[in-house]
Every structure is written in C-alpha cells, then in structure tokens.
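Residues per chain are reported as follows:
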There are 2 protein chains.
Amino acid sequence: MAATIKDIARKIGVAPSTVSRVLSNKPGVGPAMTERIRKVAKELGYKKNRAAVELVKQRSNVIAAVVSSVKTSFSGQIIDGIQAEAEKNGLNLIIVYSHSADPVEQKKALLTVIERPVRGILLLSIALAADNVALLQESQIPFCFLSISLDDPALPFVSSDDWQIGYQTTQFLLNKGHRKIGLAAIDKYPYTGRLRLAGYRQALKEAGILPRDQWVQLGDYSYAAGKQAMVNYGAHTELTAIIAGSDAAGVGLLNQARILGLKVPDDISILSIDGTEMCEMVQPQLTSISQDFYKMGIEGVKYLQSIEMHPAAKKIQQEYTPVQIVERQSINNLTNN
Amino acid sequence: MAATIKDIARKIGVAPSTVSRVLSNKPGVGPAMTERIRKVAKELGYKKNRAAVELVKQRSNVIAAVVSSVKTSFSGQIIDGIQAEAEKNGLNLIIVYSHSADPVEQKKALLTVIERPVRGILLLSIALAADNVALLQESQIPFCFLSISLDDPALPFVSSDDWQIGYQTTQFLLNKGHRKIGLAAIDKYPYTGRLRLAGYRQALKEAGILPRDQWVQLGDYSYAAGKQAMVNYGAHTELTAIIAGSDAAGVGLLNQARILGLKVPDDISILSIDGTEMCEMVQPQLTSISQDFYKMGIEGVKYLQSIEMHPAAKKIQQEYTPVQIVERQSINNLTNN
DNA sequence: CTGAAAGCGCTTACAG
DNA sequence: CTGAAAGCGCTTACAG
C-alpha cells in the first residue's frame, strides 16, 4: 500500500539502488536524477521503512530511556537533558516506561527496547532485578543507569552521590544548631535510600549523636509518604529538623506539620532532597539540596557515545554529578550568630 | 554476533521455520522439539530481531505517544491511562517527545514514529502544524489527539470541552457573587485557550458583564505566566476572582498575590484549571475544575483499537471527557447565603 | 554515474 | 509434525 523504493524506481525506469542512494543521501547520483527521484518520492508520499533499514544496517539512530515514572518533575529534567544531548548527536530518543518494580514488568519494558537495534539504553532511577541486569548485559547494547548509583563496578551510572546527600544535609542542619534530626520518606532497600541513611548516620555519629529509631521514617518518596512520616513523628516530636526524601515528601511534611499545629521553620525545620521548582511554589519555600538532573541526562548520553567510539575500552563509568544546598525559607538557625 | 534463528536451527539440525514457529508461539511443533528449541535459544541468549519481524509482518504491537512536555503532571496522568489500556490489549507503548512548537522539530518526532509500523499514534496536547497533520494522515496510521480539541471534523480527539471549562468556571464564580473575574495564563491562538476564552466571555455576557481587556492576561500556562499575570493585575486590581489556565499558573497567581499583599481568598479568589495533586499541596488549597486525564488516555487507546477493528468505518471520534469543579479553599463566597 | 545481485532475520503459505 | 522456498523493503559491495 505505502510506496516503496521499487515503486519509485519502476515509475522512473531506474534501478532501486539508485533510488536508495538518493533517498538515503548517499553521493554518486547525478543532480538531474536526484531531483527527479526526490520529486516522485514526494508525489508518492514515500515513507522510509525503518524496519527494513534497521534490518540491513543492524543499527539505528535511536537511544532509549526506560523510566519508572513520568510523574515526577525530576525525571522530566533528566529527559530534557537526554533529549538535548541526543539531538546534538543526531540521535532520536524513545521513552518506554516501567512503573512497577515487578521484574516481569521490567523485563517487558526492557525487551521492547532490547529487541531493536537501539544505540544505547538509559535507565532512570530504576532498580533492576538481577535477572534483568543480566538480560541487559547479554544484549550487548551500551547502557547506563541514571539517578541511581550501584555498588557493582560492572554497572555504569551517572548519579548524585547519595551518601553525600545524607551526609551534607545532616551536617548543614548540625551547623545550624540542630541536634535531633529526622530523615523521612526514603526507601530502605534500594541503594539510594540506604546510602542517604548511611551518610546521615555518619554525620550524626561524628557529632556524637545517636539517632533514635523513630527519627527515621521509611517511605516511598511521595507526598503521601511525607505526610505519613509527619503523622508518625507527631505534634510533640523531639525533632527540630527533618530531611525529606524528595521535594514532594517535603511538602507533605510541611502540610502535615501545619495540620499538627507546627510552624515551619519556627517549630520544625524541613530540608528537602531534589530541589525542583516545587520548592519555590510552596509557602514557606523549601530549602533543599539540589541535584543536577539535567546534567545526568547529558552525561548519560555522552557516556553511551563514548562506548560506541571505543567499544574495546569497555570503560565502565561511574560518575557523580554535583549537589548543592539551596537555602530558602524552611530552616531555622538555632545558633546565636 | 547475536544468535539468530538460523544459528539455533543449525545447532539442532532442524529447519529455521521450525525454530521460528516455536519462538513465535505458533502451533504445530512437537513438544519434545519445542522444548529442545527453547532450551537452545536460551543457551545462545537468543533475542528476537524486531526489525525483521516488523518487516515481514508489516505491523508491530507498539503504539506511540507524542508528548509536548514530560514535565507537567497531567501528561503523566494521560500516559498512565494509555499505558494501562495498552497493556490490557497486549500493546507496548513508546513515547517520543517534541517539546517545541517548531514544525521542523515536530516533523522529526512524527517521523521517528511514522517510519515504523506502529499500530497507532496518540498526540498529547500538541498543536500540530498543518503540514504535519497532512503527514500524519498520509501515513495511514490510526491517530488521535488527546487533551486538545480541534474544529476540523476529520481530526479525532479525546479532550475536555474547553469552552465548557471557560463557561462553567465563570458561572461558578458568578454564582459565588463575583462580577469582576479575570482569566490568566491562557494561550490565545491554540484552540484550548481560544475556547476557554469564548466560554468565559459567554458566561459573563449572559450575566450582563462586559469584561475589560486587562481582565484577560495571556500566557503559556506556566507558573511564571501565573506570576506575571498577577503582576500585571497589580495590588489594586478591581478583580475579585481569577481563573488560572493551569494549576501551576494558579500557584503562580497565589504566590504573587501574597507578595502583593493580597490574601487568598479574602482579597482575591483563584480557581485553577486541571485539578492535579498540586492543588492540594499549596496553602490555601486551590479550588479547581478537574479534568479526567487518565480517562483521556484510556479512551484514546480504545479509539485506536476500534479503528483497527473496523478500518472501513473510518469513524472520526471527537469525544469529551467530563470535567468537575472541586471546591477547596481558594474561593470566597460573596453572596449572603 | 548507474545497475544487478546478494543479503539482513524473520514468517508463512505450500508441500509432504 | 517438519522442511524448502519466497519474500518483506531496504543497502551495499561489485561491476561496468
């Protein structure tokens, strides 16, 4: 039904190979012929069949991003970074998403991407089941995790240093005179949460503080998890400051604190992790440790490109993007100066 | 490098067609052979080559969504709906995105999708240039616009009724005793903004009110546009209520009002369009007209499926999903009762 | 500058 | 139940 190269060739009375050459911008066809072919292709509404091209070339110019959620604004920032860098390299981006942590779901999402000759795969804050990591490695396709760090040296990633996030935020609060500091709405098992927790504990330890169990409220980084954590802390919490696992969780904490009659930052300080624009949309504005999500996207694509340039090197890159505390209005300074 | 069907066939000493049958779950191969082939396929790390399959079958089981932004939470909701319904039908979803309104960019995004045998294309709040609409139609691939309505009867869509959004929100405010009502951060040219504006004007007209030009502040639906609109209205605005083009714009209005020393809702009421969770994250919570984005996704996929079932019918569906005003805390009732 | 031919990896009638 | 063969739409050496 759709016109093919052969249709064009037949109509003009020329070989398909000639048509192919002009339609794929290969040199070596006379200008008159070139123009004629272009014209007929347009007339016939010719559309290149990518499946055929990819089959013969065994490669495409698409890179794939696998995302766990399209609802957080930070994944949007990462994707913006990927898209910008991909475009710069003439690559097309396709996104598939795998919301659940279910290995079977993950596998389906991975396969939609692995079974095509994509140039590379970027995985956005996805904790892949071991089987699926194996699948990925088997595929021989360059890949890189983004916004999650792994402790397997064979797995490349670009991420913030989550240990540092836990450590620096806690230190920052310590420097403001806080001693009883909570950590809320982080996941215990994935690396992200575990590392943040470890950094938090280390900073506290160095200050000679032993956190009580209830200072840490696990959760899934959501707004609801933030609210729930604050409910658990209660109106009479001994804490003077809380680190939220995400901006949304920080807002949850903030709103629930208000419901409990606690003023932020006078009664309780909140520091959120991420630093998306949401921090500036609430009142008081949330002080945050901001991550450079856009850069993660950029660096991820660059890494994929570097692998392609030097496949022999097989360098596994584990890169940390910088984080930075941005002071806004949700933290109380308890020191005298 | 990667194992093919032929490799497996050779290794076992059987015909490629037999291998193909078991690997694509076709009946008619003995159980012993089936198992043998499965085992060897696994050993060799066989991955199906989709490009080859699609080439011969001239069809795939993927549907594509073209999105203009992955940053708004409502597009995330639409995608969730699409994904859920796609999954139910055994379809895989791939997302490409085309942030800009630039026709050339749009075309690139469209082509990445049209040049493959996708089963259908969903366009999320994208105002396509005329050339690109033609491209889409030429491609013969079923498509449907989502969260945008068009007045060309040849173009299928699933969307809220934006005229009704303008009309109902204005009426709602009128019923609360407001007479001087603003409309902020909507786009004038695309259908969405134009329709909302028309509905707003009609409701005002029916109430015998002639809106002054400065009551309507155009913008791009963003947080910044909301803030800017409020700056333009000024601290001494005659308005008692403002309809915001989006939740983010509503928050912009809200925060800027605070900066100007205006209390919401006492000094000025705000009603935002969309009703995402952001409405409940700010203080006061924003009363909104809520759209059923999830349903748009579902219905979009269903439409694509129906086209495929009855291609002859060629029914162009233009469907409106329901909207509903959700009262929260940002509107002042000026009437006595 | 142009053409004939082989082949990418699969699927699917058609035989047997 | 299994195999031989043709073909999907393109690209790319190889000739000329």
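It should be emphasised that the depicted structure is a prediction, and the values quoted were computed from it without experimental measurement.

About the cut-offs
Residues numbered from 1 in each chain as written. Chains lettered and ligands numbered in written order. Predicted model: local features only at pLDDT ≥ 70, side-chain atom pairs only at ≥ 80, totals over all residues. Heavy atoms only, no water. Near = heavy atom within 4 Å. Polar contact = N/O pair within 3.5 Å; in protein donor to acceptor, adjacent residues only side chain to side chain. Helix = DSSP H or I, 4+ residues; strand = E, 2+ residues; numbered from the N terminus. Nonpolar A, V, L, I, M, F, W, Y, C, P; charged D, E, K, R; others polar. Least-squares fit on C-alpha atoms with pLDDT ≥ 70 in both. Contact = heavy atoms within 4.5 Å. Domains from an automatic or database assignment. Buried area = accessible area lost by both parts, 1.4 Å probe. Salt bridge = Lys/Arg side-chain N within 4 Å of Asp/Glu carboxyl O.

## Quick word on the protein's contact with DNA strand C
Alright, step 1. In the region of DNA strand C, 27 residues are neighbours, and Arg21(A), Gln58(A), Ile5(B), Ser20(B) and Tyr46(B) sit closest.
Alright, step 2. When atoms of DNA strand C within 4 Å of the protein are split into backbone and base, the sugar-phosphate part holds 70%.
Alright, step 3. A distance of 2.9 Å separates a phosphate oxygen of DNA strand C from a polar backbone atom of Gly30(A).
Alright, step 4. Between DNA strand C and Lys48(B) there is a distance of 3.5 Å, counted from a phosphate oxygen to a side-chain nitrogen or oxygen.
Alright, step 5. Among the secondary structure elements, those contributing two or more residues to the surface near DNA strand C are helix 2 (16-23) and helix 4 (50-57) of chain A together with helix 2 (16-23) and helix 4 (50-57) of chain B.
Alright, step 6. The element contributing the most residues to the surface near DNA strand C is helix 4 of chain B, with 4 residues.
Alright, step 7. In terms of residue class, the surface near DNA strand C is made up of 11 nonpolar, 10 polar and 6 charged.

## What to know about the relation of the copies chain A and chain B
Alright, step 1. For the pair chain A and chain B, the relating rotation is 180°, the translation along its axis is 0.0 Å, and the fit reaches an RMSD of 0.0 Å. The relationship between the two copies is best expressed as a two-fold rotation axis.
Alright, step 2. In this assembly the copies share their binding face: 98% of the residues contributing to the interface of chain A also contribute to that of chain B.

## Focus on the protein's contact with DNA strand D
Alright, step 1. Surrounding DNA strand D, one finds 27 residues, the nearest of these being Ile5(A), Ser20(A), Tyr46(A), Arg21(B) and Gln58(B).
Alright, step 2. Here the atoms of DNA strand D within 4 Å of the protein split so that 69% fall in sugar or phosphate, with bases taking the remainder.
Alright, step 3. The separation between a phosphate oxygen of DNA strand D and a polar main-chain atom of Asn49(A) is 3.4 Å.
Alright, step 4. For the surface near DNA strand D, the elements supplying multiple residues, two or more each, are helix 2 and helix 4 of chain A together with helix 2 and helix 4 of chain B.
Alright, step 5. Take the surface near DNA strand D: its biggest share by element is 4 residues, from helix 4 of chain A.
Alright, step 6. Broken down by class, the residue content of the surface near DNA strand D amounts to 11 nonpolar, 10 polar and 6 charged.

## A short note on the domain arrangement of chain A
Residues and elements named next belong to chain A.
Alright, step 1. Each domain of chain A was delimited in the assignment, giving domain 1 (5-48), domain 2 (59-160 + 293-321) and domain 3 (162-291).
Alright, step 2. One C-alpha centre belongs to domain 2, the other to domain 3; they are set 29 Å apart.
Alright, step 3. Counting residues at the interface gives 11 residues for domain 2, matched by 8 residues for domain 3.
Alright, step 4. Taking both partners together, domain 2 and domain 3 bury about 820 Å²; carbon and sulfur atoms supply 52% of that area.
Alright, step 5. Of all residues in domain 2, Ser149, Ser160 and Phe293 give up the largest surface area on contact with domain 3, accounting jointly for 52% of the area buried on that side.
Alright, step 6. Where domain 2 packs against domain 3, one counts 0 salt bridges.
Alright, step 7. On inspection of domain 2 and its partner domain 3, the count reaches 4 residue pairs in polar contact (both at pLDDT 80 or more).
Alright, step 8. If you list the elements that add at least two residues to the side of domain 2 that touches domain 3, you get helix 5 (73-88), strand 5 (157-160) and helix 13 (293-309).
Alright, step 9. Examining the composition of the side of domain 2 that touches domain 3, we find that 3 residues originate from one element, helix 5, more than from any other.
Alright, step 10. Taken together, the residues that form the side of domain 2 that touches domain 3 break down as 5 nonpolar, 5 polar and 1 charged.

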